[in-house]
Amino acid sequence: MLKVENVYKTFNAGTINEKKAIQGLNLHLEPGDFVTVIGGNGAGKSTTLNLVAGVFLADRGKITLDGQDITKQPEYVRAKLLGRVFQDPMLGTAADMEIEENLAMAYRRGKRRGLSWGVTNNERELYFERLKMLDLGLENRMNSKVGLLSGGQRQALTLLMATLQKPKLLLLDEHTAALDPKTAARVLELTEEIVTKDSLTTLMITHNMKDAIHYGNRLIMMHEGKVIYDVKGEEKKQLHVSDLLKKFEECGGETSDRMLLA
Ligand SMILES: Nc1ncnc2c1ncn2[C@@H]1O[C@H](COP(=O)(O)OP(=O)(O)O)[C@@H](O)[C@H]1O
Ligand SMILES: [Mg+2]
């Protein structure tokens, strides 16, 4: 589904601030792969997702999504194929708009809008069913402004919006890191439900190694802009946090407090 081949990305090349963020990255995702991504600060995790999403272009290498070469495609073109959720709950939704209007925006993404902007009854039914799945009571508040929701509710809604039109690839960048532990756990469970229900191919960055082991069918560890460890299936299920910490240290990575506390 996704093929990243020999990709390089340097920021501020030739200046004192030069940073080789991605250095020969290779990553192949099968359809339905749910991959958790871990690595120290600055390992290149977010840059990888940004390169796939087209936030910036790769200096070298090739990126293919579902057989289509997207290496040079601008972000707005790729956006139609991707679902994205970021760390900040304020980013994915429009606070001044109603829950239902936010969902309508997501639903019409990449479609011709037609003449009327109103939400049809059929759509409303779909949104109701999807919201009910979240089990947060939002299905009874469809005309509430999103700005009134908690961070966790907003992140859950963002997740729903990102997957309302089945994306070819779902990109999650520490999407529960800003939430309190209980809410974070709930949003992660929802993530798993949604990803499993629609067999979504997913890349999920997390700094929580336990979550990285628990969720998904495959785990990759990044260091200095490359994948240094790639494990799946039974072998992944058998992992312990201590194994991952050992891997980190082997490659000279610094384990941050954040990681250890998690
Ligand atoms: N837009 C940018 N401009 C300059 N440097 C950047 C930019 N984005 C990321 N970097 C640098 O690239 C490296 C990798 O960053 P990032 O992918 O955000 O790491 P991670 O998400 O693994 O913590 C870091 O050293 C970071 O400072
Ligand atoms: Mg990051």
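Residues numbered from 1 in each chain as written. Chains lettered and ligands numbered in written order. Predicted model: local features only at pLDDT ≥ 70, side-chain atom pairs only at ≥ 80, totals over all residues. Heavy atoms only, no water.

A. View of the site of ligand 1. Surrounding ligand 1, one finds Phe11, Asn12, Lys19, Ala21, Gly40, Asn41, Gly42, Ala43, Gly44, Lys45, Ser46 and Thr47. Contact between ligand 1 and Ala43: an oxygen atom at 3.2 Å from a main-chain N or O atom of the residue. Here ligand 1, which alone exposes 560 Å², has 64% of that area covered by the protein. Elements with a contribution of two residues or more to the shell around ligand 1: strand 2 (19–29) and helix 1 (45–53). Ranked by residues supplied to the shell around ligand 1, first place goes to helix 1 with three residues. Each residue belonging to the shell around ligand 1 can be placed in one class, and the counts come to three nonpolar, seven polar and two charged. (Near = heavy atom within 4 Å. Polar contact = N/O pair within 3.5 Å; in protein donor to acceptor, adjacent residues only side chain to side chain. Areas by Shrake-Rupley, 256 points an atom, 1.4 Å probe, with all protein chains shown as cover. Helix = DSSP H or I, 4+ residues; strand = E, 2+ residues; numbered from the N terminus. Nonpolar A, V, L, I, M, F, W, Y, C, P; charged D, E, K, R; others polar.)

B. Structural context of the packing of aromatic side chains. According to the stated counting rule, one finds two aromatic pairs in the structure shown. Each ring, one from Phe11 and one from Phe56, has its centre 5.1 Å from the other, and the planes form 85°; the classification is edge-to-face. Taken together, the residues span a long stretch of sequence, with Phe11 in strand 1 (residues 2–11) and Phe56 in the loop between helix 1 and strand 4 (60–65) at a distance of 45 residues. Phe56 gets classed as partly exposed once you look at its relative accessible area, which sits at 22%. Residue placement shows Arg60 over the ring face of Tyr8; its charged tip is 4.3 Å from the ring centre. (Phe/Tyr/Trp six-rings, centres within 6.5 Å; stacked < 30°, edge-to-face > 60°. Buried < 20%, exposed > 50% of the residue type's maximum accessible area, 1.4 Å probe, protein only. Lys NZ or Arg CZ within 6 Å of the ring centre and 35° of its normal.)

C. Here's a closer look at the sheet that holds strand 1. Taken together, four strands build an open sheet; the order of strands is 2-1-4-5 and the sheet is antiparallel. If you trace the sheet from one side to the other, it starts and ends with strand 2 and strand 5 (68–69), each paired once. In this sheet, strand 4 lies alongside strand 1 in antiparallel orientation, the contact comprising five bridges. Bridge pairing in strand 4 places Lys3 opposite Thr64. Contacts between helix 1 and the sheet are confined to strand 1, strand 2 and strand 4, with strand 1 contributing the most and set at about 115° to the helix. (Pairing = 2+ DSSP bridges. Contact = heavy atoms within 4.5 Å. Axes fitted to C-alpha atoms, helices over the stretch in contact; angles between N-to-C directions.)

D. Main features of the packing of helix 3 (residues 99–107) against helix 4 (residues 121–134). Interhelical geometry of helix 3 versus helix 4 gives an angle of 105° and a closest axis separation of 10 Å. In terms of orientation, helix 3 lies roughly perpendicular with respect to helix 4. Along its contact with helix 3, which presents Ile99, Glu100, Leu103, Ala104 and Tyr107, the element helix 4 presents Glu123, Arg124, Leu126, Tyr127 and Leu131. Looking at the contact of helix 3 with helix 4, its residues break down into seven nonpolar, no polar and three charged. (Parallel < 35°, antiparallel > 145°, perpendicular 65-115°, else oblique.)

E. Representation of the nonpolar core. Among the nonpolar cores identified, the biggest contains 30 residues, and Ile99, Leu103, Tyr127, Leu131, Leu134 and Leu157 are the most heavily contacted of them. Every element with two or more residues in this core is listed here: helix 3, helix 4, helix 5 (151–163), strand 7 (169–173) and helix 6 (181–197). In terms of residue count, helix 5 provides more of this core than any other element does, six residues in total. Sequence-distant contacts of Tyr127, defined by excluding residues within four places in its chain, comprise Glu100, Leu103, Ala104, Tyr107, Val119, Met142 and Leu164. Grouped together as the second largest cluster of nonpolar side chains are 26 residues, Leu29, Ala53, Leu65 and Leu169 included. (Core = buried A, V, L, I, M, F, W, Y, C linked by side-chain atoms within 4.5 Å.)

F. Here's a closer look at empty space enclosed by the protein. Applying the stated criterion to the full structure yields two cavities of 30 Å³ or more. There is about 40 Å³ of room inside the second largest cavity. If you trace the second largest cavity, you find it lined by Leu27, Val37, Lys45, Thr48, Leu49, Leu203, Ile220 and Met222. Those elements that place two or more of their residues in the lining of the second largest cavity are helix 1 and strand 9 (218–223). The greatest single-element share of the lining of the second largest cavity, amounting to three residues, is contributed by helix 1. (1 Å grid on protein atoms, 1.4 Å probe; cavity = no way out; pocket = protein on both sides within 12 Å on 5 of 7 lines; lining within 4 Å. Points joined across faces, edges and corners; volume = space filled by probe spheres on them.)

Just distances and angles here, no functional claims.
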